[in-house]
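What follows is each chain in one-letter form.
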Amino acid sequence: MSEKVKVTNLVKTFGDNEVLKGINLTVQKNEVVVIIGPSGSGKSTLLRNLNKLEEPTSGSIVIDNVDIARNDVDINAVRENIGMVFQHFNLFKNLSVGENIMLAPVELKKQTKDKAAIQAKQLLKTVGLEEKFDATVQSLSGGQQQRVAIARALAMNPDIMLFDEPTSALDPEMVGDVLAVMKDLAKQGMTMVVVTHEMGFAKEVADRVVFVDDGQILEEGTPEQIFEHPKNERLQDFLNKILNV
Amino acid sequence: MKRKVLMAFGLLAAFATILFCLALPGSQAQAKTYQIGTDVTYPPFEFANKNNKYVGIDIDIIKSIAKEEGFKVNVKPVGFNAAVQSVQSGQLDGIIAGMTITPERKDKFDFGTPYYKTGAVMAVKKGSDITSFKQLKGKKVALKTGTAAADYANSLKKKYGFKTVTFDDSDNIYQDVTTGNSVACFDDQPVLQYGIKHGLKLQIASKPANQGWYGFGVKKGTHKALIKKFNAGLKKIQANGTYDKIVGKYLGTANNSKVKGKTFTIGTDVTFPPFEFANKNNKYVGIDMDLIRAIANEQGFKVKIKALGFNAAVQAVESGQADGVIAGMSITNERKAQFDFSKPYFNSGVVMAVAQNSKIHKLSELRGKRVAVKTGTSGADYANSIKKKYGFKVVTFDDSNNMYADVSTGNSVACFEDHPVMQYAIKQGTKLKIVTKPALNAPYGFAVKKGHNQALLQAFNQGLADLKASGTYDSIKAKYLGADEIKTAAKTSGNDAEDRTFIGLIKQNKGALLSGLQETLWLTVVSIFFATIFGVLVGLMGVVPNKFSQGTSTTLIYLFRGMPLLVLALFIYTGIPSLTGQKIPAFVAGVVTLTFNEGAYIAAFVKGGIQAVDPGQMEASRSLGLPFGKAMRKVILPQGIRIMVPSFINQFIITLKDTSILSIIGLLELTQTGKIIIARNLEGFKVWTIVAAIYLIIITVLTWLSNWVQRRTKV
């Protein structure tokens, strides 16, 4: 196992509001890390710092031995290797399903249009939507859109995938399909950082669970350690609330 | 498909650039020609005539002087204020616009020798009982901005306690008075006189005050040579009579002061159609009657017509009972011993008339045939003098009707009659036709007793010349004689004077309206093109993640959206040249104005449209590794443009309408064209209705087109 991501003393402030208060986090290659925590605790912000959708205020984020927190880094090149899936899917509304997946590989000259189309169809097949290649984004359900969004992120062949509450905006019956796709990815050995409220998913798939509250990591460990023997009081509190609903 | 659109866009850009490049040097190449500014409409000094050519005392004077002195002028009717400012900014070389020489103006201008004396007068609605300034208390008075008459009125304002409203055009102040918004207006005397003479429903209610002189002006300290040439030329045209001719053409001569207001008794024949006869209301009408009345009106005197009979009228003049005689009186050498004759006002002569289906058209064809004449006429004398030579018989009748009937029934093959009398009869329905040219040429003249009433005679001659110049003479003739002889003259003068219906107005001004519309459309298209480029660029600058670029965008939008279009137009047209010393053609200034103003609005909604796209779209694009520009082009703009399309359509329509504001810098677009037409015919309501309808039609077409485009862009 080698270190894929190493976050050291990461601080992020919005104006006077300190959202991340010195985060230290390491993600090994092929590891699945699930971040849990109450709303507003800074989980999403932490995730968005990992591909610099948010600019870190201080600290370092080393990915494959490159500190991306520095300003002289070609962030576009870094992002090509980090796929991201959003809570609200963010599919390109002006493009068809196929075009959504092909856009980045073609525009960034990774692939020809023909090859990209073949790959797009292949990816759609893996998320169970091969017949939707020509469909418009608007014609898809939320679950379908999210699976297309995962396919889109995979099209650049990233070696890290970031998931920002991928199932929070979905109707309950759609959640299973999306989680199934994510489980497959994990099985194939993808390095994944997932922010989610799906504790079932965390228990089943996560190699490690990280509990974030108030901009700090309060506890981390295997799913068993976190869910069965939580030490931190606030973690116990949090688990009580969400598991006993 | 996309590539094709791009190519079309590129071609359009190239085309517009070429046009601009062509237009710029084109306007500079004529630098030798002096650019002279004048008012849009200030009759009789400058106004567009019915052929839409600028004429008037000022225009004719400057053109005559230019001809005399061998230089060229390009007279531009940009409006008085615009002309004054353009001369000051160096856009124009000189101004001739009924501009009174005042001490203040002398600070800014060098004036040539004064060329016309004027004074300010007050005019009120026809029939109004206002005769003194005192009656103006608390009332509203209309003034034209920047005129000496306005200064005069302002100086009286406090003393007499009236309020003033100012307008840019003379028409507007007149209209304000005729509609009753204002009770009086102040303007220069000749201008008002001319307007009233041409049907303005006003009357002058004060004596000329603040008399001053009109002068030709250039910017102080510049164009000394031009002033020198103007003065030399003015001297020449004053010496050779051209000046008097010009002034006389528009206002009548100064001589009419001698006859003004006087009443003259004029003797005439009892009945001599078509020259004088009583109509069914027992009023004396006819060519002589209409002519003498029109001349009296034009020269400002009154006439009392006495239908004494020809001989009695002649004697009454000899005895001094009557001041003059107009009675189809031929100018002969014998009569010249007792009378002083005017210039001939009519050429008569004897003609031969035959039945309409007759084949006879020569005197030689009369051999052995019977010819009808009327006793004691010159026609009878003429027939008797040639009957031997051509071998025909003569029968005489006591009145014309019998004579005509004898020919139309075929008893006689022809008759001889005075030309105008015959013409009149034919116009009245007599079934004959004239087949020969007038013989025994006999010019008719107006006569006064030898050595007496010279002022009246002179006024008659002057008035006659004026009526001939204005076309009134021809229409009087046509009224009684039909269009036969004076077909072309009657046509040109008849149309404009009579047909004031919508269709008539459109027909008369078709050319002017079309070229105005063309200018409006051209201005719109070119402006929209550049405004779109400017607006999209500035709008995009507003969303680029760069503080400097965002600031620039915000500032440009703030600046150009915050400035009234009118101010911006004037600033660019007159302000920029003052700063840079470089002239800007009005069209370019207009396009630049609209580009900035409309472009600022476009920038604002382009920026807004982009910002209205869900920010998640940008995040998703960037998270895939797409650079900002690519994300913008491929994802954000296609969605933003769809949001912007309705705003674009709206802005194009506004641009089309806003071109009308550019009339302020003298662009001859549709609105300015309307103004000029109204200045000539005073048909404000009808012409504005036509202009408004044209705008509506164009905008309707544009809206259809846009809706079609909008449907096409929706997926």
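Residues numbered from 1 in each chain as written. Chains lettered and ligands numbered in written order. Predicted model: local features only at pLDDT ≥ 70, side-chain atom pairs only at ≥ 80, totals over all residues. Heavy atoms only, no water.

A. Representation of the overall build of chain B in the model. Broken down by element type, chain B carries 27 helices and 26 strands. Scored against the burial criterion, the 715 residues of chain B give a buried share of 50%. Partitioning the contacts of chain B with sequence separation of at least 6, the portion at a separation of at least 24 is 74%. Accessible surface, chain B: about 33900 Å² in total, of which carbon and sulfur atoms supply 58%. (Helix = DSSP H or I, 4+ residues; strand = E, 2+ residues; numbered from the N terminus. Buried < 20%, exposed > 50% of the residue type's maximum accessible area, 1.4 Å probe, protein only. Contact = heavy atoms within 4.5 Å. Areas by Shrake-Rupley, 256 points an atom, 1.4 Å probe, with all protein chains shown as cover.)

B. Up close: the overall build of chain A. A count of helices and strands for chain A gives nine helices and ten strands. Counting the 245 residues in chain A, one finds 56% classified as buried. Taking all contacts inside chain A whose residues are at least 6 apart in sequence as the whole, residues at least 24 apart take part in 65%.

C. Quick look at empty space enclosed by the protein. Residue and element names in this part refer to chain B. Applying the stated criterion across every chain, the model contains two cavities of 30 Å³ or more. When its volume is computed, the largest cavity comes out at roughly 60 Å³. What lines the largest cavity is a set of 13 residues, and nearest its centre among them are Tyr42, Phe80, Ala97, Gly98 and Thr147. For the lining of the largest cavity, the per-class residue count stands at five nonpolar, four polar and four charged. Taken domain by domain, the lining of the largest cavity gets at least three of its residues from each of domain 1 (33-113 + 217-251) and domain 2 (116-214). The calculated volume of the second largest cavity comes to roughly 40 Å³. For the second largest cavity, the full set of lining residues is Leu505, Asn509, Leu513, Ile677, Val687, Ile690 and Val691. For the lining of the second largest cavity, the per-class residue count stands at six nonpolar, one polar and no charged. (1 Å grid on protein atoms, 1.4 Å probe; cavity = no way out; pocket = protein on both sides within 12 Å on 5 of 7 lines; lining within 4 Å. Points joined across faces, edges and corners; volume = space filled by probe spheres on them. Nonpolar A, V, L, I, M, F, W, Y, C, P; charged D, E, K, R; others polar. Domains from an automatic or database assignment.)

D. Up close: the pattern of salt bridges. Applying the stated criterion to the full structure yields 20 salt bridges over all chains. Notably, a salt bridge pairs Lys52 of chain A with Glu55 of chain A, separated by 3.6 Å at the nearest N-O pair. The class of Glu55 of chain A is partly exposed, set by a relative accessible area of 40%. Across the salt bridge formed by Lys450 of chain B and Asp340 of chain B, the nearest N and O atoms sit 3.5 Å from each other. Here Lys450 of chain B, found in the loop between strand 26 (447-449) and helix 16 (454-470), pairs with Asp340 of chain B, found in strand 19 (residues 339-341); they are 110 residues apart in sequence, far enough to count as distant. Assessed through its relative accessible area of 42%, Lys450 of chain B is described here as partly exposed. Its relative accessible area of 16% is what places Asp340 of chain B among the buried residues. Connected through salt bridges with shared partners, the residues Lys4, Asp64 and Asp159 of chain A form a single ionic network. (Salt bridge = Lys/Arg side-chain N within 4 Å of Asp/Glu carboxyl O.)

E. Broad picture of the nonpolar core. All names here are of chain A. Ile36, Ile101, Ile150, Met161, Phe163, Met182 and Met192 are the most contacted members of the largest nonpolar core, which totals 53 residues. With eight residues, the single largest contributor to this core is helix 6 (residues 172-187). Ignoring sequence-local partners within four residues, the contact set of Met192 consists of Glu31, Val32, Val33, Met161, Phe163, Met182, Leu185 and Ala186. (Core = buried A, V, L, I, M, F, W, Y, C linked by side-chain atoms within 4.5 Å.)

F. Summary view of the sheet that holds strand 1 (residues 34-38) of chain B. Residue and element names in this part refer to chain B. With mixed pairing, the five strands of this open sheet are ordered in space as 4-1-5-13-6. The sheet is open, and its two borders are formed by strand 4 (73-77) and strand 6 (109-111), each paired with just one other strand. Pairing analysis gives three bridges linking strand 6 to strand 13 (residues 217-219), with the strands arranged antiparallel. By the bridge assignment, Phe109 is partnered in strand 13 with Lys219. (Pairing = 2+ DSSP bridges.)

G. Geometry of the interface of chain B and chain A. If you look at the interface, chain B gives 17 residues, while chain A gives 21 residues. Overall, the association of chain B and chain A removes approximately 1800 Å² of surface from exposure, summing both partners, and the carbon and sulfur fraction of that is 56%. Its largest share of buried area at the contact with chain A, chain B owes to Glu619, Ser623 and Leu624 of chain B, together 34% of the area lost on that side. Along the contact surface separating chain B from chain A lie eight residue pairs in polar contact (both at pLDDT 80 or more). Among the elements of the structure, helix 24 (615-623) and helix 25 (628-658) of chain B are those that each provide at least two residues to the side of chain B that touches chain A. (Buried area = accessible area lost by both parts, 1.4 Å probe. Polar contact = N/O pair within 3.5 Å; in protein donor to acceptor, adjacent residues only side chain to side chain.)

H. A look at the sheet that holds strand 3 (residues 32-36) of chain A. Residue and element names in this part refer to chain A. A sheet is described by the order of its strands in space; here six strands give the open sequence 6-7-8-3-9-10, paired in mixed fashion. Each end of this open sheet is capped by a strand with a single partner; those strands are strand 6 (82-85) and strand 10 (216-221). Within this sheet the neighbouring strands show an average axis-to-axis angle of 15°, counted without direction. Where strand 6 and strand 7 (residues 160-164) come together, four bridges link them in parallel fashion. Bridge assignment links Met84 to a residue of strand 7, and that residue is Leu162. This element, helix 6, spans strand 3, strand 7 and strand 8 (191-195) of the sheet and lies at about 145° to strand 8. (Axes fitted to C-alpha atoms, helices over the stretch in contact; angles between N-to-C directions.)

I. Representation of the UniProt feature "transmembrane region" (unreviewed entry) in chain B. Residue and element names in this part refer to chain B. Mapped onto the present numbering, the UniProt feature "transmembrane region" (unreviewed entry) falls on residues 521-544, 556-576 and 687-709. Note that residues 521-544 is 88% helix and 0% strand, and that its end C-alpha atoms are spaced 34 Å apart. In the segment residues 687-709, helix accounts for 100% and strand for 0%; the C-alpha atoms at its two ends are 33 Å apart. (UniProt positions renumbered as here; feature names shortened; annotations may be inferred.)

J. Region of the structure containing the pairing of strand 20 (residues 346-355) of chain B. All names here are of chain B. Along strand 20, nine of the ten residues are buried, which leaves the element largely enclosed by surrounding structure. In this sheet, strand 25 (residues 439-444) lies alongside strand 20 in antiparallel orientation, the contact comprising four bridges. From the neighbouring strand, Ser348 faces strand 25, where its bridge partner is Ala442. The pairing of strand 20 with strand 23 (residues 414-418) spans five bridges and is antiparallel. Bridge pairing in strand 23 places Val350 opposite Asp418.

K. Local environment of the packing of aromatic side chains. Residues and elements named next belong to chain B. Within this structure, the stated rule accounts for 31 aromatic pairs over all chains. Both rings, one in Phe109 and one in Phe111, keep their centres 6.0 Å apart while their planes meet at 35°; by these two values the pair is tilted. Given the relative accessible area of 15%, Phe111 is considered buried. One aromatic cluster is present, formed by Tyr42, Phe45, Tyr115, Tyr116, Tyr214, Phe216 and Phe230 through successive ring pairs. (Phe/Tyr/Trp six-rings, centres within 6.5 Å; stacked < 30°, edge-to-face > 60°.)

L. The arrangement of the side chain of Thr659 of chain B in detail. Residue and element names in this part refer to chain B. As for its placement among the helices and strands, Thr659 is situated in the loop between helix 25 and helix 26 (670-681). Since its relative accessible area comes to 0%, Thr659 is described here as buried. Other than its neighbours up to four places away in sequence, Thr659 contacts Thr520, Leu523, Thr524, Leu594 and Glu669.

M. Helix 14 (residues 400-408) of chain B, seen in detail. All names here are of chain B. Residues of helix 14 that are buried include every one of Ser400, Met403, Tyr404, Asp406 and Val407, and no others. When helix 14 is viewed along its axis, its buried side chains cluster within an angular range of 155° and face the same direction. Buried residues belonging to helix 14 abut strand 20, strand 21 (370-374), strand 22 (393-397), strand 23, helix 15 (419-427) and strand 24 (432-434). In the segment just after helix 14, Gly410 is the residue with positive phi, at about 100°. (Arc of directions from axis to C-beta.)

N. Representation of the pairing of strand 4 of chain B. All names here are of chain B. Burial of the side chains of strand 4 is restricted to one face: Val73, Val75 and Pro77 are buried, whereas none of Asn74 and Lys76 on the reverse face is. Sheet topology places strand 1 next to strand 4; five bridges connect them, and they run parallel. By the bridge assignment, Thr38 is partnered in strand 4 with Pro77.

O. Geometry of the environment of Thr430 of chain B. Residues and elements named next belong to chain B. Take Thr430: it is sitting in the loop between helix 15 and strand 24. Residues Thr430 and Asn401 lie 29 residues apart in sequence; the distance between their C-alpha atoms is 8.8 Å. For Thr430, the residues in contact, after removing those within four places along its chain, are Gln356, Tyr404 and Ala425.

P. Seen up close, the environment of Ala465 of chain B. Residues and elements named next belong to chain B. Within the element layout of this structure, Ala465 appears in helix 16. Residue Ala465 is classed as partly exposed on the basis of its relative accessible area of 38%. Along the primary structure Ala465 and Tyr345 are separated by 120 residues, whereas in three dimensions their C-alpha atoms are 9.5 Å apart.

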